[in-house]
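# Observations on chain architecture
Okay, here's what each chain looks like letter by letter:
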Amino acid sequence: MQLTALLVIYGSLSFWASNRPRSKNIESFDKLWIGIYCLYNILFFILPLFFLRHYHLGPGTASIIVGEQMRFMMKGHAFLRENVPGLMQKSARNEPAQLPSFSKYMYFQFIPTLVYRDSYPMTKNVNWKLVLKHFAQFAGGILYLNYIYLRFCVPVFRNFNQDRVNVETFMKSIFECILPGSLLMFVIFYSMLHAWMNAWAEMLRFADRLFYRDWWNSTTFATYYRTWNIVVHDWLYTYVYTDICKLSGMKCRSGAMFATFLLSAVIHEYILICVLRMFYPVMFVLFAGFGVWMVFVTHKRSSRSWNIVLWLSIFLGQGVLMCLYSSEYYARLNCPAPTTNGILDYIIPRSWSCYVAHPSHNSTSLH
């Protein structure tokens, strides 16, 4: 993936810029190049899925592959989006095409940002002790994630099909999952958005290190979504929200915001589908449904009580996510498929049929 992201994107842009007709309009050659680029993205999207399915990789390995896939696709789009309009203007003025140097593109591939610029603020030197410290924190976070999973998740859900579940035990299990689910969220946040990104930023002398803001003080969901992950938010705002507003003439900002949320929710759900190898759109419903609704509900709210509402929603949401995804994951390991159709089995939650698979057992709890 890394090799194709480096060579195909840069090479195809160079070929297109050197051979396109001198016109400010989109010509047939441009349409052909856009089609080839779309085909490349489709293949880049599909081939890793076949790889994951063929080798039956575990969730940890799958998360690395899918995460890198998304990173390369987002960076490739950012590089083209920032350079194609300028190259078209130069072509219309019969000026020679001047692409950014390959070293700039390669540097962009490794620094912790998704928005392309020809130059970035840089520090004078590298503090290698700080680099090692951040990598050690990241490694510690991964070990702690494994501990949380083994301590709180596996004992509760590994024998999922041996217990019958009713509303009472289901709600109890959600509340039991609030603590481990929230811990997972905090550890992932610190490990990825602080330790990992600061390590690479320091190693590459990348000075712009605003990877997150004080999202924990937010009183509105809109502020929370904007400040939780600045890196992804900047990409969505620059290349999705802004472009939709431009295409619609700035007349439908609510529609642009909803489309941005929808795309983000689809990407998050896609990652979980690949990592867990099942379709169970809990994340999508919470993100694109409840999350968007709460954006409008908490709009322009400044009272600190709304910060409490935000935290309660986060805690409850993490409990729901961990409970439902864990129960479905282990149900697919322990319970028979409700249908022989492979596609239907992939999209029909198996945990639903497991609820009544052993009615003779007592209705105690999931563990």
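Before reading further, recall that the structure is shown in the block above.
## Here we look at the overall build of the chain
Across its full length, the chain carries 14 helices and zero strands. Each helix (α) and strand (β) of the chain, taken in turn from the N terminus, gives the series α-α-α-α-α-α-α-α-α-α-α-α-α-α. Seen along its three principal axes, the alpha-carbon backbone of the chain occupies a region of about 80 × 50 × 45 Å. Burial statistics for the chain: of 367 residues in total, 41% are counted as buried. Considering only contacts within the chain whose residues lie at least 6 apart along the sequence, 75% involve residues at least 24 apart. Put simply, the chain shows about 19900 Å² of open surface, and 66% of that area lies on carbon and sulfur atoms. Looking at the chain, you have 32 positive and 17 negative side-chain charges, and the mean spots of the two groups are 4 Å apart.

## Things to note about the environment of Phe79
Within the secondary structure, Phe79 sits in helix α3 (residues 59–92). With 21 residues separating them along the chain, Phe79 and Pro100 place their C-alpha atoms 9.7 Å apart. Setting aside chain neighbours within four positions, we find Phe79 in contact with Ile9, Tyr10, Leu13, Pro100, Tyr105, Phe108 and Tyr116.

## Details of the environment of Thr113
Among the structural elements, Thr113 can be located in the loop between α4 (102–110) and α5 (128–157). Along the sequence, Thr113 and Gly319 sit 206 residues apart, while their C-alpha atoms lie 30 Å from each other. Sequence-distant contacts of Thr113, that is, excluding residues within four places in its chain, are made with Lys75, Phe108, Tyr120, Phe206 and Val231.

## Focus on the side chain of Thr220
With respect to the element layout, Thr220 can be found in the loop between α7 (178–203) and α8 (221–228). Under the relative-accessibility criterion, Thr220 is labelled buried at 8%. Only 2.7 Å separates the side chain of Thr220 from the side chain of Thr223, close enough to count as a polar contact. In contact with Thr220, not counting residues within four places along its chain, are Thr298, Lys300 and Arg301.

## Here we look at the pattern of salt bridges
Scanning the model with the defined rule gives five salt bridges in all. In this structure, the salt-bridge partner of Asp243 is Arg81, at a minimum N-O distance of 2.9 Å. Here the residue Asp243 occupies a position in helix α9 (residues 230–247), and Arg81 occupies one in helix α3, the gap between them amounting to 162 residues. The exposure class assigned to Asp243 is buried, which follows from its relative accessible area of 14%. We note a salt bridge from Arg117 to Glu82, for which the minimum N-O separation is 3.1 Å. Here Glu82 lies in helix α3 and Arg117 lies in the loop between α4 and α5, a separation of 35 residues in the sequence. Among the residues examined, Glu82 registers a relative accessible area of 30% and is labelled partly exposed.

## Observations concerning the packing of aromatic side chains
Inspection of every chain in the model, using the stated rule, returns 44 aromatic pairs. When the centroid spacing of 6.1 Å and the interplanar angle of 10° are considered together, the rings of Tyr144 and Tyr147 count as stacked. Residue Tyr144 and its partner Tyr147 are both found in helix α5; the two are separated by three residues, about one turn of the helix. Measuring from centroid to centroid gives 6.4 Å for Phe221 and Tyr224, while their planes differ by 75°, and the two rings are edge-to-face. Taken together, the residues Phe221 and Tyr224, both in helix α8 and three residues apart, mark about one turn of the helix. Considered together, Phe221 and Tyr224 belong to a single accessibility category, that of buried residues. Over the ring of Phe108 we find Lys75, and its NZ or CZ is 4.2 Å from the ring centre. The aromatic ring of Phe152 is capped on one face by Arg151, whose charged end is 5.1 Å from the ring centroid.

## Describing the side chain of Thr219
Following the sequence through the fold, Thr219 ends up in the loop between α7 and α8. For Thr219, a relative accessible area of 12% translates into the label buried. For Thr219, the contacting residues outside a window of four places in its chain are Thr298, Arg301, Ser302, Ser303, Arg304, Trp306 and Asn307.

How each quantity is defined
Residues numbered from 1 in each chain as written. Predicted model: local features only at pLDDT ≥ 70, side-chain atom pairs only at ≥ 80, totals over all residues. Heavy atoms only, no water. Helix = DSSP H or I, 4+ residues; strand = E, 2+ residues; numbered from the N terminus. Buried < 20%, exposed > 50% of the residue type's maximum accessible area, 1.4 Å probe, protein only. Contact = heavy atoms within 4.5 Å. Areas by Shrake-Rupley, 256 points an atom, 1.4 Å probe, with all protein chains shown as cover. Lys, Arg positive; Asp, Glu negative; His and termini not counted. Charge placed at Lys NZ, Arg CZ, Asp CG, Glu CD. Polar contact = N/O pair within 3.5 Å; in protein donor to acceptor, adjacent residues only side chain to side chain. Salt bridge = Lys/Arg side-chain N within 4 Å of Asp/Glu carboxyl O. Phe/Tyr/Trp six-rings, centres within 6.5 Å; stacked < 30°, edge-to-face > 60°. Lys NZ or Arg CZ within 6 Å of the ring centre and 35° of its normal.

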